[in-house]
Amino acid sequence: MARDTQGTQGTQSQESSIWTLVESQPMEKIVWGRLYGKNIKIKSLDLNNDEFSAGRGEANDLILTLNDLSEKILTRISKVHFTIKRANCDLASPVYIKDHSRNGTFVNNEKIGMNKMRILKNDDVISLSHPTHKAFVFKDLSPNESIGLPEEITKTYYINRKLGSGAYGLVRLVYDTRTCQQFAMKIVKKNMLSGGSRPSTNLSDPERVLNEAKIMKNLSHPCVVRMHDIVDKPDAVYMVLEFMRGGDLLNRIISKKLLTEETSKLYFYQMCHAVKYLHDRGITHRDLKPDNVLLETNDEDTLLKVSDFGLSKFVQKDSVMRTLCGTPLYVAPEVLITGGREAYTRKVDIWSLGVVLFTCLSGTLPFSDEYGSSAAEQIKKGKFAYRHPAWKGVSQRAKLLINQMLIVDPAKRPSIDDVLQCSWLRDAAMLQKAKQLMKIESMDIEEENNFLEPPTKRSRR
Ligand SMILES: Nc1ncnc2c1ncn2[C@@H]1O[C@H](COP(=O)(O)OP(=O)(O)OP(=O)(O)O)[C@@H](O)[C@H]1O
């Protein structure tokens, strides 16, 4: 840490302790942040250690004395007043400030609270013992990722690395600065959706966006990604979503080549519960595919959540638009047959779930341009085959379920309740695991309750 003082010189011992520290440090240390003095006789301090501490105590990196502050303020400073941390001095990590004091450390006039932390952002003002005792301005020397984002977002969230990108725009990891909680922020550019330079009509109606946002914010199910916050701007919608650290199902399938029947069943069951929850509330997802299914952890047995259901509420041109432009993979035949011009029922989700299940179990697609004719033609005819050798090890019950879900006539396709009651899903071990992951005590599906009875009760041992 290098300190640059202004005004009255510091005492000899204080100055020398700081300079000794500087001399003992290797020269190549990265300066990741800087504190600029405000109403304190310190001009600036470079931050280049994992952790920096300030207070009256001798062991601090910055020892606050009468040279820095008036006596009135100094008496209210704790031995260790606050610490600032950046893990491994890594510019890609967030900066945390922890309040250790009795009288309080304040960021932008808000008290952090004893032994509590928050995230420090560029230009944040740190006050000591009282909001009016402004002591430092923090400068984050990592690249500023918040340029161009609306103030409603940047004042609440610290913008971190890119998590991925989709057809609509970027997804970034963000942190709520007060709670330090992580979220995924999806930036949906409006002109991308309309396919031209002008915003689409759906997204340019703020009232509509707000209404839909309200519905989405009120949805609460363990297998549906929670919408925490939404900010609507003329050029983009910013959706702050629950952060899923396990990545998406597509990547999981690709990295494992295919999933076991046991894992596929556990995942499929959770997806079905998410879809049932949405259907019961009159919401059709319309864009179900492995990319839109997110996993909570990297473990095999993990909670899974369906995402992106909200987008179809904002845009009419979701899967349909892209289907008509590109190769349909998960889209139901009725969508292709009508060219997306007609309204279709929630049965489109059942079809997509069938394709997702097929993909999990075999690591291949049921419909593809690589199988001779075009994928669209195969879908319209409902023509598919269990070609991959992996199918040899898959149960008949699973194949039977796929056959039913991939029936071309939507009226003959099962409903989500029918799917949830199929014999393949009556698997006590899987249901037990799912219950634990979903943290649901009593599932409102009768069959499950019956089936969950321990076998010892039924069979005499
Ligand atoms: N809530 C989230 N938590 C963690 N990562 C996420 C979250 N949402 C999205 N991502 C990551 O960002 C990537 C892009 O997501 P996005 O929803 O924009 O596109 P997509 O679903 O892959 O494609 P499309 O835009 O065609 O639906 C995802 O593949 C995923 O890895």
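Residues numbered from 1 in each chain as written. Predicted model: local features only at pLDDT ≥ 70, side-chain atom pairs only at ≥ 80, totals over all residues. Heavy atoms only, no water.

### Examining the UniProt feature "domain: FHA" (unreviewed entry) in the protein
- Mapped onto this numbering, the UniProt entry gives "domain: FHA" (unreviewed entry) at residues 52–112.
- For residues 52–112, helix accounts for 7% and strand for 33%, while the C-alpha atoms at its two ends are 17 Å apart. (UniProt positions renumbered as here; feature names shortened; annotations may be inferred. Helix = DSSP H or I, 4+ residues; strand = E, 2+ residues; numbered from the N terminus.)

### Observations concerning the packing of helix α11 (residues 347–362) against helix α13 (residues 396–405)
- Between α11 and α13, whose axes approach to 8 Å, the crossing angle comes to 145 degrees. At the point where α11 passes α13, the crossing takes the left-handed sense. Facing Ile-350, Trp-351, Leu-353, Gly-354, Leu-357, Phe-358 and Leu-361 of α11, the residues of α13 in contact are Ala-398, Leu-401, Ile-402 and Met-405.
- The class makeup of the residues in the contact of α11 with α13 is 10 nonpolar, 1 polar and no charged. (Axes fitted to C-alpha atoms, helices over the stretch in contact; angles between N-to-C directions. Left-handed = near helix turned anticlockwise from the far one by under 90°. Contact = heavy atoms within 4.5 Å. Nonpolar A, V, L, I, M, F, W, Y, C, P; charged D, E, K, R; others polar.)

### Examining the pairing of strand β13 (residues 157–165)
- Strand direction decides the pairing type here: β13 and strand β14 (residues 170–176), joined by 6 bridges, are antiparallel. Considered in β14, the bridge of Lys-162 is made with Arg-172.
- Connecting the antiparallel pair β13 and β14 is a turn made up of 4 residues, with Gly-169 showing a positive phi of about 155 degrees. (Pairing = 2+ DSSP bridges.)

### A few points about the pattern of salt bridges
- Taken as a whole, this structure holds 20 salt bridges when the rule is applied.
- Arg-118 serves as the salt-bridge partner of Glu-110, at 3.2 Å between the closest nitrogen and oxygen.
- Of the residues examined, Arg-118 reaches a relative accessible area of 6% and is grouped as buried.
- The salt bridge involving Asp-409 is made with Lys-412; its shortest N-O contact spans 4.0 Å. (Salt bridge = Lys/Arg side-chain N within 4 Å of Asp/Glu carboxyl O. Buried < 20%, exposed > 50% of the residue type's maximum accessible area, 1.4 Å probe, protein only.)

### Digging into the sheet that holds strand β5 (residues 62–63)
- The mixed open sheet is built from 5 strands, whose spatial order is β5-β4-β6-β7-β10. Where the open sheet ends on each side, the last strands, each with one partner, are β5 and β10 (117–120).

### A few points about helix α7 (residues 261–280)
- Compared with the 28 Å implied by 1.5 Å per residue over 20 residues, the 28 Å span of α7 between its first and last C-alpha is a close match.
- Within α7, 18 of the 20 residues are buried, which leaves the element mostly enclosed by the surrounding structure.
- Looking one or two residues past α7, Gly-282 carries a phi angle of roughly 75 degrees, positive in sign. (Expected span 1.5 Å × (residues − 1).)

### Comments concerning the packing of aromatic side chains
- Scanning all chains against the criterion turns up 12 aromatic pairs.
- Ring centres of Trp-351 and Phe-367 lie 5.4 Å apart, and the angle between their planes is 15 degrees; on these two criteria the pair is classed as stacked. Of this pair, Trp-351 sits in helix α11 while Phe-367 sits in the loop between α11 and α12 (375–381), and the two are 16 residues apart along the sequence. This pair shows no difference in class: Trp-351 is buried, exactly as Phe-367 is. (Phe/Tyr/Trp six-rings, centres within 6.5 Å; stacked < 30°, edge-to-face > 60°.)

### Topic: the side chain of Ser-127
- Looking at the element boundaries, Ser-127 is found in strand β11 (residues 125–128).
- One polar contact links the side chain of Ser-127 to the main-chain carbonyl oxygen of Pro-131, over a distance of 2.9 Å.
- If we skip the residues at most four places from it in the chain, Ser-127 touches Gly-104, Thr-105, Phe-106, His-133, Lys-134 and Ala-135. (Polar contact = N/O pair within 3.5 Å; in protein donor to acceptor, adjacent residues only side chain to side chain.)

### Considering the nonpolar core
- In this structure, Leu-249, Phe-268, Met-271 and Leu-353 are the most contacted members of the largest nonpolar core, which totals 72 residues.
- Looking at which domains feed residues into this core, each of domain 2 (145–192 + 206–243) and domain 3 (245–440) gives three or more.
- Contacts of Phe-268, omitting those with residues within four sequence positions, involve Leu-353, Leu-357, Leu-401, Met-405, Val-419, Trp-424 and Leu-425.
- Phe-52, Ile-112, Leu-120 and Leu-128 belong to the second-largest nonpolar core, a separate cluster that totals 27 residues. (Core = buried A, V, L, I, M, F, W, Y, C linked by side-chain atoms within 4.5 Å. Domains from an automatic or database assignment.)

### Thoughts on the sheet that holds strand β16 (residues 227–232)
- Overall, antiparallel pairing links the 5 strands, which are arranged β13-β14-β15-β17-β16 in an open sheet. Pairing within the sheet leaves two strands with one partner each, and these edge strands are β13 and β16. Here the average twist between neighbouring strands, direction ignored, is 25 degrees.
- Relative to strand β17 (residues 236–242), strand β15 (residues 182–189) runs antiparallel, the two being bridged by 7 bridges.

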